[in-house]
Amino acid sequence: MADSTALNIAYGERCKRSFYRFFLEFWETIEAVELVPNWHIQFICDELQKVYEAWEGGETQDDVIINVPPGSSKSTIVTQLFPAWLWVRNPSIRLISSSYAADLSIAHAVKTRDCLKSDKFERYYPGLIEFKKDSDGKSAFKNTKKGERFTTSTGGRVTGMHGDFIINDDPINPEEAESTKARKTANRFSGTTLSTRKTNKKRTVTIMVMQRLHELDPTGDWLKKKKSVNHICLPGELSDHVKPSRVRKYYVNGLMDVNRLDRSALDKLKEDLGSYGYAGQIGQVPTPDGGGKLKKAWFGRMTWEEFQVVTKGKQVVWQFDADTAYTKDQKNDPTAMMASCYIAPTLYIRDVSEQWLEFPDLIKELPAFAKRNGYSSQSKIHIEPKASGKSTIQTLKRETSLNIVEAPAPDADKEVRVNGISPFVEAGRVVLIDGSYIDNFLGQCAAFPLGAHDDMVDDLVQAIERVHQPVRKVKAKTIKR
């Protein structure tokens, strides 16, 4: 019996020194299915151990983002067993954990609690963790060594709580990721609310684990706003988005996990999730390769010299479209301006500009953009009468001699309008004349509708609708006899 006790304590010491070893040993305390190991599990465990050791040493370190496909044991690693291991290393640690829904957050916390209360844990660490009898619930619990775990959810209560480690697991529901309101709530909670709950602003680490859902999801928000972040990105298939790049060598036949996410499993996920869902949740990039509703390959390309040859002897009148806003705040939408001409059956685009401008600068830049791009007496500047559009139209008509036209107000939402013009683009009837604008423009088109902005897409839709109105089916009237 003494030998058995000593052996258990020895095993416990090995697990204390290695989170990955702890994970392997204690998986069975919270999961009924047999563990299928894969390299990414050890990698994430080792990275989390480094985070703890830096914290233990009092080091200042970056917050952590972990992007990994669903079904990769991410929650079991990060949100369920890592907190238990932290208490093995230091029972006084305080944790805050959160997910997009309260019941999901509680389920994670219960798994941690089950591990800590398991017979195996007691054999390996006899008497280490004793729960306070008056604070031993499912959503929050404390031990007698001042350690505690508090559970909340996106938008939920966290006032008065502070954590040495903050774990944010799936801060937004995948089914709500296209909702601007849901994203703003998740981003505000992940980026502002939880950041104020750190025990030590320099030492405490927030670990966010999720699959990508939108260009402006909480991961995108962090990458945009934070000067530095420890970003671990493990797509289901090998790509340029793998971070850190040194783990690319562990992919087998281009796959992250040949057991759980083999080719047949990925093909099935592609059917179930669709191109956008697959790109985000498996590829960790919210936009399908080459684009979704507006694919990059659909747009033609030519040089200015080639354009002059094609249009020789034809009348070229440059037209301009503007989707206006006036603010220097890059959190808001910019103003987009497009120069194009239509020579049946093709729309040629000469330039597209996207800028964040205050109103006086906007009034100066619109005429300047038009003049740089071939404005003539036959040209018109078409401005949609939304947001700042009305005041822009009025001011330019009053202060300039430019031909300013109020474009028709949209009669459908953006996705419907893009669906309407996509056949025109797919047919190769939009050609881009070479210029520095192209990469940014195509990137925004490819990202629609999950991109951060869509102002240039608005200009494209407006220009195409002006020259090519889709035929609308009219219901036949019944003639009464």
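Just above, that's the structure.
Definitions and limits used
- Residues numbered from 1 in each chain as written.
- Predicted model: local features only at pLDDT ≥ 70, side-chain atom pairs only at ≥ 80, totals over all residues.
- Heavy atoms only, no water.
- Helix = DSSP H or I, 4+ residues; strand = E, 2+ residues; numbered from the N terminus.
- Expected span 1.5 Å × (residues − 1).
- Buried < 20%, exposed > 50% of the residue type's maximum accessible area, 1.4 Å probe, protein only.
- Salt bridge = Lys/Arg side-chain N within 4 Å of Asp/Glu carboxyl O.
- Pairing = 2+ DSSP bridges.
- Axes fitted to C-alpha atoms, helices over the stretch in contact; angles between N-to-C directions.
- Contact = heavy atoms within 4.5 Å.
- Phe/Tyr/Trp six-rings, centres within 6.5 Å; stacked < 30°, edge-to-face > 60°.
- Lys NZ or Arg CZ within 6 Å of the ring centre and 35° of its normal.
- Bend = angle between axes of the 7 residues up to and from the residue.

**Quick notes on helix α15 (residues 455-467)**
The terminal C-alpha atoms of α15, which comprises 13 residues, lie 19 Å apart, in line with the 18 Å expected from a rise of 1.5 Å per residue. Within α15, ten of the 13 residues are buried, leaving the element largely enclosed by the surrounding structure. Where α15 is concerned, the buried positions are Asp455, Met456, Val457, Asp458, Asp459, Leu460, Val461, Gln462, Ala463 and Ile464.

**Concerning the pattern of salt bridges**
Taken as a whole and assessed by the stated rule, the structure comprises 28 salt bridges. A salt bridge links Lys226 to Asp63, with the shortest nitrogen-to-oxygen separation between them at 3.1 Å. Taken as a pair, Lys226 in the loop between α8 (218-225) and β8 (230-233) and Asp63 in the loop between α3 (39-56) and β1 (64-67) lie far apart in primary sequence, 163 residues in all. When its relative accessible area of 28% is taken as the criterion, Lys226 is described as partly exposed. In this structure Asp63 comes out as buried when scored by relative accessible area, which is 7%. What you see here is one network of salt bridges that share partners, running through Glu25, Glu28 and Lys120.

**Quick notes on the sheet that holds strand β12 (residues 346-355)**
Judged by pairing direction, the sheet is mixed, and its seven strands sit side by side in the order β9-β15-β12-β11-β10-β13-β14 without closing on themselves. Edge positions in the open sheet fall to β9 (300-302) and β14 (404-406), since each of these has one partner strand only. The average angle at which neighbouring strand axes cross in this sheet is 30°, direction not considered. Relative to strand β13 (residues 381-383), strand β10 (residues 319-323) runs parallel, the two being bridged by three bridges. For Ala322, the partnering residue across the bridge sits in β13 and is Ile383. The strands touched by helix α12 (residues 389-399) are β13 and β14; relative to β14, the strand with the most contacts, the crossing angle is about 150°. Packing against the sheet, α15 makes contact with β10, β11 (335-343), β12, β13 and β15 (430-433), and its axis sits at approximately 30° to β11.

**A look at the packing of aromatic side chains**
One pass over the structure, following the stated rule, counts 29 aromatic pairs. A ring pair is formed by Trp304 and Trp318, whose centres lie 6.4 Å apart and whose planes are at 25°; its orientation type is stacked. With a gap of 14 residues between them, Trp304 in helix α10 (residues 304-310) and Trp318 in the loop between α10 and β10 connect regions that are remote in the sequence. On the basis of relative accessible area, Trp304 is assigned to the partly exposed category, the value being 31%. Taking the centre distance of 6.1 Å and the plane angle of 35° together, the rings of Phe320 and Tyr375 count as tilted. Within this pair, whereas Phe320 is found in strand β10, its partner Tyr375 is found in the loop between α11 (359-372) and β13, the two being separated by 55 residues in sequence. Given a relative accessible area of 2%, Phe320 falls into the buried group. Joined through ring pairs, the aromatic side chains of Tyr11, Phe22, Phe26, Phe121, Tyr124 and Tyr125 make up one cluster. Here Arg203 stacks its cationic end above the ring of Trp55, 4.0 Å away from the centre of that ring.

**A word on helix α9 (residues 263-281)**
Over its 19 residues, α9 runs only 16 Å from end to end, short of the ideal 27 Å by more than 12%, given 1.5 Å per residue. Residue Gly274 marks the point of greatest curvature in α9, where the axis turns by about 120°. Among all positions of α9, only Leu266, Tyr276, Gly277, Tyr278, Ala279, Gly280 and Gln281 are buried. Close packing links the buried residues of α9 with α14 (438-447).

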